[in-house]
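Structural description and commentary
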Amino acid sequence: MTDEIAKQYNPKDTEDKWYKFWEESNLFLAKPDPKKKPYTIVIPPPNVTGILHMGHALNNTIQDILIRYQRMQGFNTLWMPGTDHAGIATQNVVEKSLAKVGLKRQDLGRDKFIQRVWSWKEEYGSTIIRQLKKLGTSCDWSRLRFTMDEEYSKAVMEAFVRLYNKGLIYRGSYIINWCPRCQTALSDEEAAHHSLQGNLYYLKYPLKENPNKFVIVATTRPETMLGDTAVAVNPKDKRYKLLIGKKLNLPLVNREIAIIGDNMVDTKFGTGAVKVTPAHDPNDYALGKKHNLEFINVLRADGSMNELAGDYQNMDRFKAREAILEDLKKQGLLEKVEAHELSAGHCYRCHTIVEPYLSKQWFVKMKPLAKGAIDAVKKGKVNFYPKRWSKVYLNWMENIRDWCISRQIWWGHRIPVYYCNKCNETIVSAAKPQNCPKCKSNDLRQDEDVLDTWFSSWLWPFATFYWPNESKDLKYFYPTATLVTAPEIIFFWVARMIMAGLEFQKDIPFKDVYIHGTVRDIEGKKMSKSLGNIIDPLEIINEYGTDALRFSLISITAQGQDVFLSKERFEQGRNFANKIWNASRFILMNLDSTMIKTDLCQFLKKEELTLVNRWILSRFYSTLKETKKNLDNYQFNEAANTLYAFFWHEFCDWYLEIIKHDIKNAHNQLVMYKILDKFLRAMHPFMPFITEEIWQKLATQTSSIMLSSYPHIQEKIIDKKTEKTFSEALEIITTIRNMRMELDIPVQANNLGAKIFTTSKAKKAMLESVSGQIMNLARLNKLEIFVDFKETKGEFVNVLRDLHISIPLTGVIDIAKHEEKLSMKIQKVESEIKAKEGMLAKKDFLQRAPRDIVENEIEKLKNLKSEVQKLKGVKDGLR
RNA sequence: GGGCUCAUAGCUCAGUUGGUUAGAGCGUUGCGUUGACAUCGCAAAGGUCAGAGGUUCAAGUCCUCUUGGGCCCACCA
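Residues numbered from 1 in each chain as written. Chains lettered and ligands numbered in written order. Predicted model: local features only at pLDDT ≥ 70, side-chain atom pairs only at ≥ 80, totals over all residues. Heavy atoms only, no water.

Let's talk about the overall build of chain A
- For chain A, the helix and strand inventory stands at 29 helices and 29 strands.
- For a compact globule of 879 residues, the expected C-alpha radius of gyration is about 29 Å, and chain A comes in at 37 Å, more than 25% above that figure.
- Principal-axis analysis of the C-alpha atoms places the extent of chain A at approximately 115 × 65 × 55 Å.
- The 879 residues of chain A split such that 55% are buried.
- Considering only contacts within chain A whose residues lie at least 6 apart along the sequence, 77% involve residues at least 24 apart.
- In the structure as shown, chain A presents an accessible area of about 40500 Å², 49% of it carried by carbon and sulfur atoms.
- Between the centroid of the 130 positive side chains of chain A and the centroid of its 108 negative side chains there is a distance of 3 Å. (Helix = DSSP H or I, 4+ residues; strand = E, 2+ residues; numbered from the N terminus. Rg over C-alpha atoms; globule rule 2.2 N^0.38 Å. Buried < 20%, exposed > 50% of the residue type's maximum accessible area, 1.4 Å probe, protein only. Contact = heavy atoms within 4.5 Å. Areas by Shrake-Rupley, 256 points an atom, 1.4 Å probe, with all protein chains shown as cover. Lys, Arg positive; Asp, Glu negative; His and termini not counted. Charge placed at Lys NZ, Arg CZ, Asp CG, Glu CD.)

Here it is, written out as structure tokens:
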């Protein structure tokens, strides 16, 4: 065939070329076809601001493996791609670039700013898509979606209106998580709790009736005291019982506040008296509602103190904290300060400490939506892999709280709610209404807020098919097969998609959820820019190739386990690619083109294959069976490593080395070609580029390996007996090689004769059938096989289980060393014998263990005993 | 406070219904290059499977506890 194949595999020569070919040949395209079964995956849409990191690389490699595997298995596969508008993140990026020229978004105004974001998106938003293509992902790019597309936005509006009309969306004033930097509300999930070292401050509030007496309260956020409207104690607490109903004088602001009693107060924490700030703490909010307290908000949206904060007005909340403590101290009202570990919510976008903040927001009632989503997982309609995540999911679902969906930013889906400026009527409508249905005025204004980004992403599995239109595609491809994602977005996204699917499509969005691990650095730290421990996938692709990246990543990803990465890890993938390359190169250089047209089955009807070929074919199909089983169970590392071990250590190290000496033999020609062909197909989902490149060099039936079928398991060809016989021959070869080493006999000297002594005629015949291979690889010029062991002077004898193996004793041998080796082996075997004897002496074992296990053990004991005897004989013969 | 997860060779990790002699990659040591591959080959060394108890004929694998990492959830002011 071709004789101009490079000695080393160079990914750069192949990757972009084949990707372009696949795309231009429309091989990723999917159309509904009633004759075929669909297999759909929707991509977790990366943020438009995203740049490819290892998490993406892992996530998308797994999806691509599934898609390519199922495509080759004959499914009508669709991998739906797209990007997410990522409201806060994208707005932040554009605001930053504005800040560089000294502008704020308010300077532009809403419409101009949004235009700016769109043009930013046009320019940079497809970066991540280009990068995904470098990974080899076989998405149907003709369907690329964006969560802010017109059609998609319609779906978002529709979902809002439907939920509102069902009474599942409401507006109200509640304590929400507020990010003072982004100046927007966040959902509970977007406020990530991290513990931090803070203080517990003990403040003294004087009693009104006797300013020399105090109630001491403990707080971690002293600045909120400006908004205190009560102090609460537990009515059962003897210390404070009598004070309930009395008044305190709130320091610094000189406001009168009451002491109230409530069972919620923990008598053991702090002093047992708690300051109540209903506008700045969720607990206090509840108390405020219950006891009809005043709600005094002392903060502005940007985290500075407002006009109600008196002297502290305009100070940042943390500056105000210091000032207030200073003043209290001066007045002798700071009792003490204790170090205290606390946990505070942090904005998941900018990591600023969020403020519990009272404001008017839109919410989704979650309990009614959660019900079906809980059942779906409990009844196994949706399955998590690994299973344990279903517990995490259920625990969250069962304690679900309402979802704050309004954001005070500009980039996003504007809430489809309009207010009449005349009569104050609220109108909820997907499209802007002409006039107020109540007073007919056309003076309407739209709600200023936009929706949480996740309020659009939760519709992803069906909104990408233009829901609410009942498209053919939606009917055909929904529900999808598998969702592949990371654990941190189970709540954000997975759970909500299940709820949305059941609510709007009346069906689950996907059957399986595969949760992979987090990619970490070698010290177990999460990879992040700020830590500077990032391994850039594009750099790895550049240096080692995409297939190397994909293979290495997959081979170390045990199901759902975190991945610890160092750069060297990718050498394994590169080396493997090179190994595949060179083995293929060898085969191509030696392949007789007439042979490859022969059909294996036809050939097998006429002839029985030689042993070595029966062996490798059996090994291949055993490997394939294992691989498919692993893939079907989402055990990607096992699948990859099974193929790796077969190809490298069985096919290359043994098989090719054996047939090398007789490569033109028809059997060898046929089998090496068939196995390479089938191996490439089995490997293709993992390493798409190199497999295509080699496939194209083989004479092929189809234009792309992508269009070929995944190999089918040929159960009839799996022959465990042959596998066993052959592996024994391989062990004999290793033993003889070791003996040569011990005697320092050079491999090149092809003048060594060996003898094998066995114990039965049957075994002799079996060994004779593989004697050619043994001679070949042990570099022997003569091999004699006998039934009974006869000691011969001047021979170097070793024992392999029930066999004696001997070669002429040339030169000097270190008898003492060899004796020691034998002794150690004898010791080991004897201890095994002892263990087996103990086991077999137990009645319980004989009675309760399955018969085949018992028989197996008896057989083993017999063999061990005979082995130890032989070993002893050889040892005695040494002197 | 609740939950999850990890501890197996020098290092990073596999080991899924309990049943041969616990595996891989890297690293280490020795040998090897006149045509598949040094991104290679042949071989070797290296493990009380964190500790204690239990279930079982049989435990790296199941149960309980202990120790030490990591993670998630939670309105402890």
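Let's talk about the protein's contact with RNA strand B
- Around RNA strand B sit 53 residues in total, of which Asn283, Arg401, Gln635, Trp648 and Arg848 are the nearest.
- When atoms of RNA strand B within 4 Å of the protein are split into backbone and base, the sugar-phosphate part holds 65%.
- Measuring from a base oxygen of RNA strand B, one finds a side-chain N or O atom of Gln8 at 2.5 Å.
- One of the side-chain nitrogen or oxygen atoms of Asn738 is found 3.0 Å away from a sugar or linking oxygen of RNA strand B.
- With eleven residues, the top contributor of residues to the surface near RNA strand B is helix H18 (residues 569–590).
- A breakdown of the residues in the surface near RNA strand B according to their chemical character gives 18 nonpolar, 15 polar and 20 charged. (Near = heavy atom within 4 Å. Polar contact = N/O pair within 3.5 Å; in protein donor to acceptor, adjacent residues only side chain to side chain. Nonpolar A, V, L, I, M, F, W, Y, C, P; charged D, E, K, R; others polar.)

As for the packing of aromatic side chains
- A full pass over the atoms with the stated rule returns 55 aromatic pairs.
- A centroid spacing of 4.5 Å and a plane angle of 20 degrees characterise the contact between Trp615 and Phe726, whose relative ring orientation is stacked. Remark: Phe726 occurs in helix H24 (residues 720–743) and Trp615 occurs in helix H20 (residues 611–632); sequence separation between them is 111 residues.
- The interplanar angle of 20 degrees and the centroid separation of 5.2 Å between the aromatic rings of Phe757 and Phe786 together place this pair among those described as stacked. Of this pair, Phe757 sits in strand E26 (residues 752–757) while Phe786 sits in strand E27 (residues 780–786); the two residues are 29 residues apart in sequence, bridging distant segments of the chain.
- One aromatic cluster is present, built from ring pairs that chain together Phe551, Phe576, Phe620, Tyr621, Tyr644, Phe646, Phe647, Trp648, Phe651, Tyr655 and Phe679.
- The cationic tip of Arg105 hangs over the ring face of Trp410; the distance from NZ or CZ to the ring centre is 4.6 Å. (Phe/Tyr/Trp six-rings, centres within 6.5 Å; stacked < 30°, edge-to-face > 60°. Lys NZ or Arg CZ within 6 Å of the ring centre and 35° of its normal.)

Topic: the sheet that holds strand E8 (residues 214–219)
- Spatially, three strands are ordered E8-E7-E13 in an open sheet, and the strand pairing comes out antiparallel. Whereas interior strands pair on both sides, the edge strands pair on one side only; in this sheet they are E8 and strand E13 (334–347). Taken over all neighbouring pairs, the strand axes of this sheet differ in orientation by 20 degrees on average, direction set aside.
- Set on the sheet, helix H9 (residues 317–330) makes contact with strand E7 (191–206) and E13; between it and E7 the angle comes to about 25 degrees. (Pairing = 2+ DSSP bridges. Axes fitted to C-alpha atoms, helices over the stretch in contact; angles between N-to-C directions.)

Structural notes on the side chain of Thr224
- Counting through the fold element by element, Thr224 comes out in the loop between E8 and strand E9 (230–233).
- There is a polar contact of 2.8 Å between the side chain of Thr224 and the backbone oxygen of Arg221.
- When near neighbours in sequence (up to four residues on either side) are disregarded, Thr224 contacts Lys275, Thr277 and His280.

Some words on empty space enclosed by the protein
- By the definition in use, this model includes one cavity of 30 Å³ or more.
- Approximately 30 Å³ is the volume found for the largest cavity.
- Looking at the largest cavity, the residues that line it are Gly87, Ile88, Glu190, Arg407, Ile409, Trp411, Leu451, Asp452 and Thr453.
- Considering only residue class, the lining of the largest cavity consists of four nonpolar, two polar and three charged. (1 Å grid on protein atoms, 1.4 Å probe; cavity = no way out; pocket = protein on both sides within 12 Å on 5 of 7 lines; lining within 4 Å. Points joined across faces, edges and corners; volume = space filled by probe spheres on them.)

Details of the packing of helix H3 (residues 87–100) against helix H5 (residues 110–124)
- The contact between H3 and H5 brings their axes to 10 Å, and the two run at 100 degrees. Relative to H5, the element H3 lies roughly perpendicular. Contacts between H3 and H5 involve Thr90, Gln91, Val93, Val94, Glu95 and Leu98 on the former and, on the latter, Phe113, Arg116, Val117 and Trp120.
- For the contact of H3 with H5, the class distribution of residues is six nonpolar, two polar and two charged. (Parallel < 35°, antiparallel > 145°, perpendicular 65-115°, else oblique.)

Looking at the nonpolar core
- One finds Met54 and Phe455 to be the most contacted residues of the largest nonpolar core, which totals 200 residues.
- Residue contributions to this core peak at 15 residues, all from helix H21 (residues 636–659).
- Phe455 has contacts with Val156, Ala159, Phe160, Leu163, Ile169, Val364, Trp403 and Ile405, leaving out every residue within four places of it along the chain.
- Formed by 36 residues, the second largest nonpolar core is a distinct cluster that contains Ile176, Leu207, Val215 and Leu226. (Core = buried A, V, L, I, M, F, W, Y, C linked by side-chain atoms within 4.5 Å.)

Side note on the pattern of salt bridges
- All told, the structure shown has 53 salt bridges when counted by the stated rule.
- For Lys133, the salt bridge identified is with Glu23, shortest N-O distance 3.2 Å. Of this pair, Lys133 sits in helix H6 (residues 127–134) while Glu23 sits in helix H1 (residues 15–24); the two residues are 110 residues apart in sequence, bridging distant segments of the chain.
- Classification of Glu23 by relative accessible area gives partly exposed; the value is 30%.
- Beyond isolated ion pairs, a larger network of salt bridges with shared partners links Glu728, Glu731, Lys763, Arg801 and Asp802. (Salt bridge = Lys/Arg side-chain N within 4 Å of Asp/Glu carboxyl O.)

Structural notes on the sheet that holds strand E16 (residues 403–404)
- The strand order across the open sheet built from four strands is E6-E5-E14-E16, with neighbouring strands paired in antiparallel fashion. Since the sheet does not close on itself, it has two edges, and those belong to strand E6 (184–186) and E16, each with one partner.
- Summarising the sheet, strand E14 (residues 355–364) and E16 pair through two bridges and their orientation is antiparallel. By the bridge assignment, Phe363 is partnered in E16 with Cys404.

Considering unusual backbone geometry
- Residue Pro468 is bonded to the preceding Trp467 through a cis peptide linkage, with omega at 10 degrees.
- Assignment of secondary structure puts Pro468 in the loop between helix H13 (460–463) and helix H14 (472–477).
- Along the chain, Tyr478 connects to Pro479 via a cis peptide bond; the corresponding omega equals 0 degrees.
- Even without being a glycine, Ala86 presents a positive backbone phi close to 45 degrees.
- Looking at where Ala86 falls in the secondary structure, it is placed in the loop between strand E3 (82–83) and H3.
- On the basis of relative accessibility, which here comes to 3%, the residue Ala86 falls in the buried class.
- Notably, Tyr634 is not glycine yet its phi reads approximately 60 degrees, a positive angle.
- Within the secondary structure, Tyr634 is located in the loop between H20 and H21.
- Owing to a relative accessible area of 5%, Tyr634 belongs among the buried residues under this scheme.

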